[in-house]
Amino acid sequence: MASASSATPDTLPAWQTLKHHAETLQHVHLKTLFGTEPSRWESFTRQVAGLTLDLSKQRWDDDTLEHLFTLASEAGVPSAIEALLSGKRVNVSENRPALHTALRLPDDATLEVEGEDIVAAVHESLAQMERLVSRLHAGQWRGATGKPIRHVVNLGVGGSDLGPLMVTHALADFRPKDIHPVEVHFASTMDGSQLADYLSRLNPETTIFVLSSKSFTTIDTLSNANTAREWLLSRLTQHGATPISAELVVRQHFIGVSASPEKMTEWGIADDHQLTFWEWVGGRYSLWGTIGLPIALVVGMANFREFLAGAHAMDRHFAEAEMAENLPVLLALAGIWNVNFLDIRAHSILPYDGRLEYFAAYLEQLEMESNGKSVTRQGQPINYSTCPVLWGQLGPNAQHAFYQLLHQGTQPVVCDFIAPLKRYDEVEDPDTRRHLKTQHRLALANCFAQSRVLMLGDDALEDDGPRPEHKRYRGNQPSTTVLLDQLTPATLGSLIALYEHKVFVQAVIWDINPFDQWGVELGKQIATDTQKIIDHEGDLSRMDASSKGLIEAFWASEQE
Ligand SMILES: O=P(O)(O)OC[C@H]1O[C@](O)(CO)[C@@H](O)[C@@H]1O
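Residues numbered from 1 in each chain as written. Predicted model: local features only at pLDDT ≥ 70, side-chain atom pairs only at ≥ 80, totals over all residues. Heavy atoms only, no water.

Once that is clear, we can look at the sheet that holds strand β13 (residues 479-486). Spatial strand order, β1-β2-β13-β12-β10-β11: six strands in an open sheet with mixed pairing. On the outer flanks of this sheet lie β1 (45-48) and β11 (389-392), each paired with one strand and no other. With direction set aside, neighbouring strand axes in the sheet form an average angle of 15°. The pairing of strand β2 (residues 51-54) with β13 spans four bridges and is antiparallel. Along β13, the bridge assignment pairs L53 with V482. In the packing of helix α13 (residues 327-341) onto the sheet, contacts are made with β1, β2, β12 (414-422) and β13, and the angle to β1 comes to roughly 145°. (Pairing = 2+ DSSP bridges. Helix = DSSP H or I, 4+ residues; strand = E, 2+ residues; numbered from the N terminus. Axes fitted to C-alpha atoms, helices over the stretch in contact; angles between N-to-C directions. Contact = heavy atoms within 4.5 Å.)

What follows is the structure, encoded as C-alpha cells:
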C-alpha cells in the first residue's frame, strides 16, 4: 500500500506541488470560485449506486484535483485498493487482511485468500444467522418458561454496537410485515445504566440477549452480560412450581456473536446459539456479517441482503472506476486537501433525516478509530496531520445548537450534509403523507440553505444593505453534500461503504494503518490496574496526586 517507496507522503513531489498550489487558493473565497466557474456542479458532482456526491462547495478547483490525483498515484492508491479487496495483509501491525468487503460478495463470487476460497464460508455464516432470525420471526424461539421471545437486547460496544444501532434505527421502516413481533434494543455502557432501564421494563420470560463481541473479552460487554445473566437466573430458575435449571435459562436466553467460539463456550453460550466470524473482519467493519444480527432481526434477511448488495455495488465501483470518477477516492481527496493543505481539522457530519440519528456516532468510530494515528505503517512518527476531529448530529437539531460556531466562530470546519431526495411515499393516509412531504421539503430547503450560507456568508442575502459587525457571516466554509435517491437498505449500504473506502484511501495517503487501534488498549490496561486500587487490592501510593484524590473522594463517598 502507501508508497511503493518508503517515502512519507509529505516528501512526495505532488505534496510539494499541492503546498504551493494551496498558497494560491488560500485566500480565494468560495463565492469567487463559484463566480468564475459557473459549471462547478457539473465538474464536481458524481452519481453512483443511488448516491449523488456534490463536492462543488469544496475550496478547490480543477488544478487542485489534478494534483490530488497525482498525489494519490504517487502514494500507491490504485495498488492499495487492489491489495485491500484481494485479501492481502493490509493490517500490518496485526499481520492480517481486512476483508469486510468479502462479507458482501454475492454467493456466486470467489475470493481466494491465502489459498482458500472464503465466499462459501461467508454465505454459510449468513445462512446460520438466517436460521436464528427465522426462528425468532416465526415465534418459535421460546424462553426457558416456554413463552415466545418478544425482546432482544444487544449487548456490545464500539463496532459491536454502533453499526447495528445506527442501521436498525435508519431502516426501521423496512420491518417485514406478518412476522412475530420482536423488538430490538441496545445496551453498551459499562456503567449499566442502559441495561438497568431494560431490566426494569422487560419481562425476563420473553427477553433474550445477544452477547456481541469480536474478542469476547471486552469488559463493558461482559459486565452487562453478567448482570443480565444474574437477572434472568434470579427471575426464572424459581419461576412456577417446577424449578428451571440455570443451564436451560442461559441456553434459551443468550446468543453469542464472536470471532472466538472457545470463549463463547467458556462463558456458557450453547454451540447452536453461537454465530462466528473471522479475525480478518475489524470490529468497526463488522456490521456486514453476524454482528449485523440485530439488523437482520429488524429488517428481515431479504432486506439485510439488499443492504449487503448496496455495499457491494460501491465496492465494485471503488475497484473499477477511474480516480476522477471514483466517489470514495474523491471524498478522501477532499478530506486530504482540507486537513493537510487548507489546515481545516474539524469535520462535522450533518444528516437531514431523523432516521440517520446515529450516523455521526457511527462515523466517529469509523473515521477516528481508524485514522487517529501518528506513526507510519513502518512505525515512524509522522509530522503531518491525519484524521480531523469529527463530530455531528442531526442537522436540523444542530442548527439550533452548534451551527452558530460554523457560521460566526473562528474555527474553519468542513461539513458533510446528507439527505434523501425522496421520502414518505409509503405513508398510506393521503393527508398525513402530504403534510409529511411538506416537512421533507422543509428539511431539504434547510439543508441546501445551510451549505449555501456556509459557502457565501451574508452574500447569500439578496438585499446587500450594510450590516453591523455582529450580524456579519464570513462564509467560505467548505462542505460536501451526499444525496441518497431515497433511504433504502441498498443505498444505506452504499453510503456506509463509501465512507469505509474514503477512510481507507486517506490512510493510504497518510501511510498509516487504519485497521488497528492500539491507542485504545493502554486505556483498558490502566483501567484494570485502577479498578484493583479502587477495590483496595492495589497500591494507591503509586498514583499521581489527581488520580489519588479522585479515588479517595470515591472511598469517602462510600463511608457516607
Ligand atoms: O467487539 P469487541 O471485541 O467487544 O470490541 C468492541 C470494540 O472495542 C474496540 O476494540 C476498542 O476498544 C473496538 O475497536 C471494538 O469495536
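The next subject is the site of the ligand. Near the ligand, the surroundings consist of 15 residues, among which G159, S160, S213, S215 and T218 are the closest. S215 places a side-chain nitrogen or oxygen 2.6 Å from an oxygen atom of the ligand. Side-chain polar atom of T218 to an oxygen atom of the ligand: 2.5 Å apart, as the coordinates give it. Residue assignment for the shell around the ligand shows that the elements contributing at least two residues are α14 (359-371) and α19 (518-534). Here the shell around the ligand is built from residues that sort into two nonpolar, nine polar and four charged. (Near = heavy atom within 4 Å. Polar contact = N/O pair within 3.5 Å; in protein donor to acceptor, adjacent residues only side chain to side chain. Nonpolar A, V, L, I, M, F, W, Y, C, P; charged D, E, K, R; others polar.)

Summarising the element assignment, T265 is placed in helix α11 (residues 261-267). Sequence separation of T265 and V90 is 175 residues, and the distance between their C-alpha atoms is 31 Å. The residues contacting T265, other than those within four sequence positions of it, are D271 and Q274.

With that settled, the discussion passes to the UniProt feature "active site" (unreviewed entry) in the protein chain. Here the UniProt-annotated "active site" (unreviewed entry) positions come out as E369, H400 and K524. In sequence the annotated residues extend across 156 residues, and in space they extend as well, their farthest C-alpha pair lying 36.1 Å apart. Positionally, E369 belongs in helix α14. Leave out the neighbours within four places in its chain, and E369 touches R284, E364, D516, Q517 and V520. A distance of 2.7 Å separates the side chain of E369 from the side chain of R284, its partner in a polar contact. (UniProt positions renumbered as here; feature names shortened; annotations may be inferred.)

For the rest of this paragraph, the subject is the domain arrangement of the protein chain. Interface extent is often summarised as the accessible area lost during association of the parts. Here the domain parsing of the protein chain yields domain 1 (20-86 + 303-461 + 471-512), domain 2 (100-299) and domain 3 (519-559). The centre of domain 1, based on its C-alpha atoms, is set 41 Å off from the matching centre of domain 3. (Domains from an automatic or database assignment.)

Here the structure, examined in full by the defined rule, presents 17 aromatic pairs. Each ring, one from F359 and one from Y499, has its centre 5.7 Å from the other, and the planes form 70°; the classification is edge-to-face. Here F359 is found in helix α14, whereas its partner Y499 is found in helix α18 (residues 489-510), with 140 residues between them in sequence. Residues F359 and Y499 agree in their burial class; the two are buried. Each residue in the set W15, W337, F341 and Y384 is aromatic and connected to the rest through ring pairs, giving one cluster. (Phe/Tyr/Trp six-rings, centres within 6.5 Å; stacked < 30°, edge-to-face > 60°. Buried < 20%, exposed > 50% of the residue type's maximum accessible area, 1.4 Å probe, protein only.)

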